[in-house]
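Here's the letter readout for the chains.
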Amino acid sequence: MKFGLCLPTFLYSDERKAFAEKSYASLRLTEVPEEDAPLLLYTVAANQESWDVVGGALCDNGGKFFGVIMQQPSEVTGLDPSLAWIVEKFFAETDCSHVIELADDMVYHPKWFVELKALVLRHPEAKAWSVYRSAHVRHHRTLSRVEGDHLVTSMAGNGTCWTREEWQAWGVNWKQGPTWPVPTGGDTLDLHHAYFRPGQRWATDWSFMDHLGFVGTHCQPGVPEVALNYLKEAE
């Protein structure tokens, strides 16, 4: 297995910039085993400020990441299309077997990657994995619990890991957006994947990442897109 990371970023306000700076500070503390270092980190920046913040924050990371920053093309609009675009680039240009979706408004526990890799090894047959277990149970619910891990209905996007083969079998691309509606409700890539690619999806009992504040389209009062059982030591 060879893991890599993809990060879409769009900092459109001072508040979002503050979230990103705190997010990247925690990401720099990620524990990366020697056999996995450096992790490839593909970032797509929607504007110049996003580029400046992520570059300045993550350029000095102690050899944990090898960063590639790209400017988001003008024809790519919206978060999910930008994610699809950067994942397509990532798989086209690397030999990684697994991609992990990151975000600029999440705080990361130092052990998030170690725990995610262990989760993948425990459930290699799954369609997706995450160390972020969502409180938004309208969409993301536990079906059963096996030795501490949760078999869930769907993932909440941020923190999700897919294999190269699963991404290709899914067949999505950024031009299909800007949204991906499904009959069961919702129009995001995470819900689209759960609907059209049935199979096992596993999350850890403890969450090793969490959202920073109720600000954004998919994280606001009334939309509880925050972590369950978040390990507070991450802060």
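You'll find the structure just up there.
Calculation notes
Residues numbered from 1 in each chain as written. Predicted model: local features only at pLDDT ≥ 70, side-chain atom pairs only at ≥ 80, totals over all residues. Heavy atoms only, no water. Helix = DSSP H or I, 4+ residues; strand = E, 2+ residues; numbered from the N terminus. Rg over C-alpha atoms; globule rule 2.2 N^0.38 Å. Buried < 20%, exposed > 50% of the residue type's maximum accessible area, 1.4 Å probe, protein only. Contact = heavy atoms within 4.5 Å. Areas by Shrake-Rupley, 256 points an atom, 1.4 Å probe, with all protein chains shown as cover. Phe/Tyr/Trp six-rings, centres within 6.5 Å; stacked < 30°, edge-to-face > 60°. Polar contact = N/O pair within 3.5 Å; in protein donor to acceptor, adjacent residues only side chain to side chain.

Chemist: What is the right way to look at the overall build of the chain in this model?
Modeler: What the chain contains, in helices and strands, is six helices and 11 strands. Computed over the C-alpha atoms, the radius of gyration of the chain is 16 Å, within 12% of the 18 Å expected from 2.2 N^0.38 for a compact globule of 235 residues. Viewed in the frame of its principal axes, the chain has a C-alpha envelope of about 45 × 40 × 40 Å. The buried share of the chain, taken over its 235 residues, is 54%. Counting contacts in the chain only where the partners sit at least 6 residues apart, residues at least 24 apart contribute 76% of the total. Working note: accessible area of the chain is about 10,300 Å², and carbon and sulfur atoms make up 53% of it.

Chemist: How should I be thinking about the packing of aromatic side chains in this particular structure?
Modeler: Aromatic ring pairs: the centre-centre distance and the angle between the two ring planes describe each pair. In the structure shown here, the tally under the stated rule is 10 aromatic pairs. Summarising the aromatic geometry, the rings of tryptophan 167 and tryptophan 170 are spaced 5.2 Å apart at their centres and angled 80 degrees between planes, so their arrangement reads as edge-to-face. Of this pair, tryptophan 167 and tryptophan 170 both sit in helix H5 (residues 164-170), three residues apart, which is roughly one turn of the helix. Judged on exposure class, the residue tryptophan 167 and its partner tryptophan 170 are both buried.

Chemist: Is there a simple way to think about the side chain of serine 207 in this case?
Modeler: Along the chain, serine 207 falls in the loop between strand E10 (201-204) and strand E11 (209-211). A polar contact is formed between the side chain of serine 207 and the backbone oxygen of leucine 228, at a distance of 2.7 Å. With residues near it in sequence (within four places) discarded, serine 207 still touches Val131, Tyr132, Arg133, Ala227, Leu228, Asn229, Tyr230 and Leu231.

Chemist: Before we go on, may I ask you to explain the side chain of threonine 9 in this structure?
Modeler: Mapped onto the secondary structure, threonine 9 falls in strand E1 (residues 3-9). Owing to a relative accessible area of 2%, threonine 9 belongs among the buried residues under this scheme. Within the structure, threonine 9 has its side chain in polar contact with the side chain of aspartate 104 (distance 2.8 Å). Leaving out residues up to four positions away in the same chain, threonine 9 has contacts with Tyr24, Thr43, Val44, Ala45, Ala46, Ser50 and Asp104.

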